[in-house]
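# Breakdown of the fold
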Amino acid sequence: MMPLFAFYCRDGEHGAKLRERLLADHLAHVEAHLDDYAVAGPLKKGDDTIGSLLVIKAADEDEARAKFEVDPYFHAGVWQSISASAFMGVAGEWVGGAAWKR
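Cut-off values and rules
- Residues numbered from 1 in each chain as written.
- Predicted model: local features only at pLDDT ≥ 70, side-chain atom pairs only at ≥ 80, totals over all residues.
- Heavy atoms only, no water.
- Helix = DSSP H or I, 4+ residues; strand = E, 2+ residues; numbered from the N terminus.
- Contact = heavy atoms within 4.5 Å.
- Buried < 20%, exposed > 50% of the residue type's maximum accessible area, 1.4 Å probe, protein only.
- Phe/Tyr/Trp six-rings, centres within 6.5 Å; stacked < 30°, edge-to-face > 60°.
- Core = buried A, V, L, I, M, F, W, Y, C linked by side-chain atoms within 4.5 Å.
- Arc of directions from axis to C-beta.
- Polar contact = N/O pair within 3.5 Å; in protein donor to acceptor, adjacent residues only side chain to side chain.
- Salt bridge = Lys/Arg side-chain N within 4 Å of Asp/Glu carboxyl O.
- Pairing = 2+ DSSP bridges.
- Axes fitted to C-alpha atoms, helices over the stretch in contact; angles between N-to-C directions.

This brings us to the environment of A86. Looking at the secondary structure, you find A86 in strand β4 (residues 79–87). A C-alpha to C-alpha distance of 10 Å links A86 and A58, two positions 28 residues apart in sequence. Not counting chain neighbours up to four residues away, the residues in contact with A86 comprise L4 and F5.

Take a look at the structure:
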């Protein structure tokens, strides 16, 4: 199994406007590189999107960062703060948004 790297991204002041403008480009990018993601999705506070969590499959952190940094949201500055860590998923169910439904 390929190592995983979690990118926890919090939106900046103009995140909502930038997300709206770039959503189609971002989704096209994710779709084109779907095999690179273990899981990816928005962070929510109520109905508001406040950031993103992307868990990327890569041989090492440098490769994961290279994959992450080509996302249109990254280039546009949607995210104000980004933290990245190696991630080891050992339990849970992510398929079909099951965690969101509970």
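Before going further, it helps to spend a moment on the side chain of H29. Here H29 shows up in helix α1 (residues 15–32). For H29, a relative accessible area of 10% puts it in the buried group. Ignoring anything within four residues of it in the chain, the contact list for H29 reads Y37, K67, V70, D71 and P72.

With that out of the way, let us pick up the packing of aromatic side chains. Remark: the centre distance and the inter-plane angle together describe each pair of aromatic rings, the angle taken between the planes. Considering all chains together, one arrives at four aromatic pairs under this definition. Note on Y73 and W79: the rings are 5.8 Å apart at their centroids and 80° apart in plane angle, and the pair reads as edge-to-face. Judged by its relative accessible area of 2%, Y73 falls in the buried class. Take W79: its relative accessible area is 7%, and that puts it in the buried class. By the ring-pair criterion, three or more aromatic residues cluster together here, those being F7, F68, Y73, F74 and W79.

Formed by 16 residues in total, the largest nonpolar core has its most connected members in F7, C9, L54, I56, A64, F68 and W79. Elements that contribute at least two residues to this core include exactly β1 (4–11), α1, β3 (48–57), α2 (61–68) and β4. Dropping the residues within four chain positions of it, L54 is found in contact with F5, A6, F7, C9, Y37, V39, A40, F68, D71 and W79.

Glancing now at α2. The periodicity of an α-helix, 3.6 residues per turn, causes residues three or four positions apart to be oriented the same way. For α2, the full list of buried residues reads A64, K67 and F68. The buried side chains of α2 occupy one side of the element, clustering within an arc of 100° when seen end-on. Buried residues belonging to α2 abut β1, α1, β3, α3 (72–76) and β4. Sitting at the head of α2, D60 places a side-chain oxygen 3.2 Å from the backbone nitrogen of D62.

Take the pattern of salt bridges next. A side chain of one charge can pair with a side chain of the opposite charge when the charged atoms of the two come close. A full pass over the atoms with the stated rule returns four salt bridges. Across the pair K67 and E63 runs a salt bridge whose closest N-O atoms are separated by 3.2 Å. On the criterion of helical spacing, the pair formed by K67 and E63 is a turn pair, its members being four residues apart in helix α2. When salt bridges with common partners are traced through the structure, they connect D36, E63 and K67 into a single cluster.

Moving on, we come to the sheet that holds β3. Taken together, four strands build an open sheet; the order of strands is β2-β3-β1-β4 and the sheet is antiparallel. Looking at the sheet topology across the chains shown, the edges are occupied by β2 (37–45) and β4. On average, each strand axis in the sheet is inclined to that of its neighbour by 15°, with strand direction left out of account. Of the pairings in the sheet, the one linking β1 to β4 comprises eight bridges and is antiparallel in character. Within β4, the position partnered with Y8 by the bridge is S83. In the packing of α1 onto the sheet, the strands contacted are β1, β2, β3 and β4, and the crossing angle to β3 comes to about 30°. Those strands touched by α2 are β1, β3 and β4, and its axis lies near 40° from that of β1.

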